[in-house]
Amino acid sequence: MSAKLCDICDVCTFSVNLCIENVVGGGDYSQSQVNKWTANIVERCLTQLVKQGKPYKYIVTCAVMQKTGAGLHTANSCYWDTAMDGSCTVRWENRTMYCVVSVFAVATA
Amino acid sequence: MDYQIEEEAGFVVEDVSKIIKESVEATIGGNAYQHNRVNQWTTSIVEQCLSQLSKLGKPYKYILTCVIMQKNGAGMQTASTCFWDNSTDGSCAVRWENKSVYCIVSVFGLAI
């Protein structure tokens, strides 16, 4: 991973955690709110990333799941330039839900 | 006026969607959710899809995500947002289910 991408990763993990905290915080899972939460989280994360001004295209995905004991498994696979492109995944949880956010950065320059 | 028939070089959602559906059917099919197999399933689905997509021979980078969830009444919501070139890049998401499993696969294609 290039030095540029490492910067993004560190900023990413920190900003993503902050975004999730600000949007969901200590709230309980709510069927009526979850749609808004996921949309807010991805938008805020993307805004923070774009502000970095680096020559990258970004994809941000977010999954919020209620804690009921169900099993959940996720996998990502990428076909890209391993020297320039990279990703970062943040797992967050509170008492009633899990939140998994993935950021993918693809170099344009 | 001269018309040129060009091969579709863009991100074609129907082709990608077909690849995803075939891969999920072939991997999970009618099987019930099994904790010790689900790891293999997600890996197999993304790898199969990726290899079919690269065979399309288009000048694209691809990102695939696969989520498998056991059906037990839990609520789940997913969202994604992209900062890219709207004229050349595209995405496709497929939601599949059987009696005990939900599977959501998303493919993002970015033009080189």
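What counts, and at which threshold
Residues numbered from 1 in each chain as written. Chains lettered and ligands numbered in written order. Predicted model: local features only at pLDDT ≥ 70, side-chain atom pairs only at ≥ 80, totals over all residues. Heavy atoms only, no water. Helix = DSSP H or I, 4+ residues; strand = E, 2+ residues; numbered from the N terminus. Contact = heavy atoms within 4.5 Å. Areas by Shrake-Rupley, 256 points an atom, 1.4 Å probe, with all protein chains shown as cover. Lys, Arg positive; Asp, Glu negative; His and termini not counted. Charge placed at Lys NZ, Arg CZ, Asp CG, Glu CD. Pairing = 2+ DSSP bridges. Axes fitted to C-alpha atoms, helices over the stretch in contact; angles between N-to-C directions. Buried area = accessible area lost by both parts, 1.4 Å probe. Salt bridge = Lys/Arg side-chain N within 4 Å of Asp/Glu carboxyl O. Polar contact = N/O pair within 3.5 Å; in protein donor to acceptor, adjacent residues only side chain to side chain.

What to know about the overall build of chain B
Next, step 1: Helix and strand content of chain B: two helices and four strands.
Next, step 2: The order of α-helices and β-strands along chain B, N terminus first, is α-α-β-β-β-β.
Next, step 3: Oriented by its inertia axes, the alpha-carbon framework of chain B measures out at about 60 × 25 × 20 Å.
Next, step 4: For chain B, restricting intrachain contacts to residue pairs at least 6 apart in sequence, the fraction spanning at least 24 positions comes to 69%.
Next, step 5: For chain B, the exposed surface amounts to about 6,300 Å²; the carbon and sulfur share of it is 47%.
Next, step 6: For chain B, the centre of its 9 positive side-chain charges and the centre of its 12 negative side-chain charges are spaced 14 Å apart.

Notes on the sheet that holds strand S2 (residues 72-79) of chain A
Next, step 1: Pairing is antiparallel in the open sheet, where four strands are placed in the order S2(A)-S1(B)-S4(B)-S3(B). Looking at the sheet topology across the chains shown, the edges are occupied by S2 of chain A together with strand S3 (90-97) of chain B. Here the strands of the sheet are splayed against their neighbours by 10° on average, with no regard to which way each runs.
Next, step 2: As defined by bridge partners, S3 of chain B adjoins strand S4 (residues 101-111) of chain B across eight bridges and the pair is classed as antiparallel. Across the sheet, Cys-92 of chain B pairs through a bridge with Val-107 of chain B, a residue of S4 of chain B.
Next, step 3: Most of the contacts of helix H1 (residues 13-27) of chain B go to S3 of chain B, to which it runs at about 30°, and overall it touches S3 and S4 of chain B.
Next, step 4: Together, S2 of chain A together with strand S1 (60-70) and S4 of chain B form the strand contacts of helix H2 (residues 38-55) of chain B, whose direction differs from that of S1 of chain B by roughly 155°.

Considering the sheet that holds strand S4 (residues 97-107) of chain A
Next, step 1: Strand order across the open sheet formed by four strands is S3(A)-S4(A)-S1(A)-S2(B), with antiparallel pairing between neighbours. Both outer strands of the open sheet, strand S3 (86-93) of chain A together with strand S2 (76-83) of chain B, are each paired with one neighbouring strand and no more. Between one strand axis and the next, the sheet turns by 10° as a mean value, whatever way the strands run.
Next, step 2: One ladder, built from eight bridges, connects S3 of chain A with S4 of chain A; its direction is antiparallel. Bridged to Glu-93 of chain A within S4 of chain A is Tyr-98 of chain A.

Side note on the interface of chain B and chain A
Next, step 1: With 37 residues of chain B at the contact, the number on the chain A side is 38 residues.
Next, step 2: Buried area between chain B and chain A, summed over both chains or domains, comes out near 3,000 Å², and the portion from carbon and sulfur atoms is 62%.
Next, step 3: Between the two partners, chain B and chain A, sit two salt bridges.
Next, step 4: Ionic pairing is found between Lys-57 of chain A and Asp-89 of chain B, a salt bridge with its closest N-O pair at 2.9 Å.
Next, step 5: Where chain B meets chain A, there are 15 residue pairs in polar contact (both at pLDDT 80 or more).

Interpretation note: all reported values are geometric properties and have no functional meaning in isolation.
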